[in-house]
Amino acid sequence: MADNGAARTTFLTVAEVAELLRVSRMTVYRWVHAGEIPAVQFGRSYRVPRAAVEQFMEQAGYEGFSHQSDDRRSGTVG
């Protein structure tokens, strides 16, 4: 299959999505099964497109979401 220069989709595991969004893995599974976040099933594992996670956060009204690691995630405000 030829590469036409199109951007490749990056997939995240449920654990990676949970870590990014700072929720439990069970919460991510609930969102996947409810259809709130699209996912692809490979055997017994699910993979979530990174773009879907970003869109999910935008729809939730969180404008400061960045998919890059942030060292300031200490949970404190101010």
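Every value quoted in this text rests on a predicted model; they were computed, and no experiment measured them.

Peer 1: What is the right way to read the packing of aromatic side chains from this model?
Peer 2: Aromatic rings considered in pairs are described by the distance between their centres and by the relative angle of their planes. Overall, the coordinates contain two aromatic pairs when judged by the stated rule. Here the aromatic rings of Tyr29 and Tyr46 are separated by 6.2 Å at their centres, their planes lie at 75°, and the arrangement is edge-to-face. With Tyr29 in helix H2 (residues 25–34) and Tyr46 in strand S3 (residues 45–49), this residue pair connects regions lying 17 residues apart in the sequence. Between Trp31 and Phe56 the ring centres are 4.7 Å apart and the planes differ by 45°, which places this aromatic pair in the tilted class. In this pair, Trp31 sits in helix H2 while Phe56 sits in helix H3 (residues 50–59), placing the two residues 25 residues apart along the sequence.

Peer 1: Looking at this structure, I do not really get unusual backbone geometry. What am I missing?
Peer 2: Glycine aside, the phi torsion of most residues is negative, and most peptide linkages are trans. Residue Arg22 is not a glycine yet carries a positive backbone phi of 60°. Residue position: Arg22 is located in the loop between helix H1 (14–21) and H2. The exposure class of Arg22 is exposed, given its relative accessible area of 53%.

Peer 1: Sorry if this is basic, but what is going on with the environment of Val53 here?
Peer 2: Relative to the helices and strands, Val53 resides in helix H3. Separated by 33 residues in sequence, Val53 and Leu20 have C-alpha atoms that sit 9.0 Å apart.

Peer 1: It is not clear to me how the sheet that holds strand S2 (residues 40–42) should be interpreted in this structure. Could you clarify?
Peer 2: Taken together, the three strands give an open sheet; going across it, the order is S1-S3-S2, and neighbouring strands pair in antiparallel fashion. With one partner strand each, in any of the chains shown, strand S1 (11–13) and S2 form the two edges of the open sheet. Neighbour-to-neighbour, the strand axes of this sheet turn through a mean angle of 40°, independent of strand direction. In the packing of H1 onto the sheet, the strands contacted are S1 and S3, and the crossing angle to S1 comes to about 85°.

Conventions used here
Residues numbered from 1 in each chain as written. Predicted model: local features only at pLDDT ≥ 70, side-chain atom pairs only at ≥ 80, totals over all residues. Heavy atoms only, no water. Phe/Tyr/Trp six-rings, centres within 6.5 Å; stacked < 30°, edge-to-face > 60°. Helix = DSSP H or I, 4+ residues; strand = E, 2+ residues; numbered from the N terminus. Buried < 20%, exposed > 50% of the residue type's maximum accessible area, 1.4 Å probe, protein only. Pairing = 2+ DSSP bridges. Axes fitted to C-alpha atoms, helices over the stretch in contact; angles between N-to-C directions. Contact = heavy atoms within 4.5 Å.

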